[in-house]
Amino acid sequence: MAEAGSPPAQAGSSPRSDRSSVEAPAAVPALEAEEDDYDSAYDGDSTGGSSTTSIGSSILKFREENGRTYHAYKDGSYAFPNDEVEADRLDLQHHEFQLIFGGKLFTAPIPKEKVLHNVLDIGTGTGIWAIDFGDDHPESQVLGVDLSPIQPTFTPPNVSFQIDDVEAPWTYSHKFDFIYSRMMMCSLDSYPNFFDQAFANLNPGGYLEMVDPAWPIKLNDGEWPEDSALFKWSALWGEGMQKMGRDAECARHYKDQMIAAGFVNVTEKVYTVANNPWPKDKKMKMIGMWQNENIAGPQGGIEGLSAALFTRVLGWSKLELDVFMAKVKAEHRSTKIHSYYEFLVIVGEKPE
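Model, not experiment: these values are computed from the prediction.

Novice: Could you clarify how one ought to interpret helix H7 (residues 282-296) in this entry?
Specialist: The α-helix winds at 3.6 residues per turn, so residues separated by three or four positions along the chain end up facing the same way. Taking 1.5 Å of rise per residue, 15 residues should cover 21 Å, and H7 covers 20 Å from first to last C-alpha, within 8% of that figure. The element H7 is largely enclosed, with a buried count of 13 among its 15 residues. Capping of H7 at its N-terminal end is provided by Asp281; its side-chain oxygen lies 3.1 Å from the backbone amide nitrogen of Lys283.

Novice: Just to check I follow, could you spell out the layout of surface pockets for this structure?
Specialist: Remark: the empty space left among the atoms is shown by a probe the size of a water molecule rolled over them. In this model, the second largest pocket occupies a volume close to 350 Å³. Lining the second largest pocket we find 17 residues, and of these Phe106, Ala108, Ile110, Lys112 and His137 sit closest to its centre. A breakdown of the residues in the lining of the second largest pocket according to their chemical character gives eight nonpolar, three polar and six charged.

Novice: Would you explain the environment of Ala130 in this entry?
Specialist: Relative to the helices and strands, Ala130 is located in helix H3 (residues 128-136). Residue Ala130 is classed as buried on the basis of its relative accessible area, which comes to 0%. With 25 residues separating them along the chain, Ala130 and Leu105 place their C-alpha atoms 9.4 Å apart. Look past the residues within four positions of Ala130 in its chain and what remains in contact with it is Asp121, Thr124, Val142, Val159 and Phe161.

Novice: In this structure, what is going on with the pairing of strand S8 (residues 202-219)? I would like to understand it.
Specialist: The side chains of a regular strand alternate, residue by residue, between the two faces of the sheet. When you tally the buried positions in S8, you get 14 out of 18 residues, the bulk of the element. Across six bridges, the pairing between strand S7 (residues 176-182) and S8 is parallel. Across the sheet, the residue bridging to Ile179 is Leu208, located in S8. One crossover worth recording links S7 to the parallel S8 by way of helix H4 (residues 191-200), and it is right-handed. In terms of strand pairing, S8 meets strand S10 (residues 339-349) through 10 bridges, oriented antiparallel. Bridge pairing links Tyr207 to Glu349 in S10.

Analysis parameters
Residues numbered from 1 in each chain as written. Predicted model: local features only at pLDDT ≥ 70, side-chain atom pairs only at ≥ 80, totals over all residues. Heavy atoms only, no water. Helix = DSSP H or I, 4+ residues; strand = E, 2+ residues; numbered from the N terminus. Expected span 1.5 Å × (residues − 1). Buried < 20%, exposed > 50% of the residue type's maximum accessible area, 1.4 Å probe, protein only. Polar contact = N/O pair within 3.5 Å; in protein donor to acceptor, adjacent residues only side chain to side chain. 1 Å grid on protein atoms, 1.4 Å probe; cavity = no way out; pocket = protein on both sides within 12 Å on 5 of 7 lines; lining within 4 Å. Points joined across faces, edges and corners; volume = space filled by probe spheres on them. Nonpolar A, V, L, I, M, F, W, Y, C, P; charged D, E, K, R; others polar. Contact = heavy atoms within 4.5 Å. Pairing = 2+ DSSP bridges. Right-handed = clockwise from strand over helix to strand, strands pointing away.

In short, shape yes, function no, at least from these values alone.
Written as structure tokens, this is what we have:
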């Protein structure tokens, strides 16, 4: 692992062996800045009735837009890209979560002696979580599902992938002992329906774990200046999602919705994640470095999160967006701006 103060390694160099050596930071509501360098002026220096489908030629003809590609199956239902740049970012993001959770792939209180025969990874992306889980649990059959066929061909023998719309009726041939979903915020039209289907497709005693950021972006100290590009971006992103019929604050409702679906022993834990290495705490500083690389780095995180939403929904031109993104990324990188996200982890159990 890199020392605090050094740049993160490339996404492809995130070894699984690092997981055991990473300690989880405490989940705290606020962070202490390394020094009182906050500048309020912001200098900016720094298929129908079925949920699954086979991979056909039409699914592989991705939408091309603004220099990025997007999924073809159920085109438009997911607003974020699926190209190699995004794949690299997703793998980098996976390593960031390794740091946040102390090397653990999940936090659900599953007894060590419990055999997880079938595991479902919702929104698997590049499949990196499913592959890591399959390696760690050779006794489990792991299925990763996504709208985009961007997963590797060579996988552990107990890991497989399907193109799947989890908002359609689930038609799996068996039930699951564990369902995991990460970074699916604003990806579904109806989360209550999703939780109902997850509950119905779990075996008694099975667990569901959800990991998502709680919108909006927050500031650790002071007030957002009216001319803050980062704050404006956060507000506009939420507005765009609202126009799409999505709630940017959806993660804040997961706990209540899971309880309504029938889950018991539902818990919610909050992890504070700085947007750059401004915290004093070394572990939180390291996580902030990775978060900054994830969002404002060369992987184009914030561009990928914004391009379709701003041009398709909010009516911006690509040039307008590029100019705006430069300002937003400058503020995101500035350690004078102590911004952060709350990441929520919600876990529920299906009654025995």
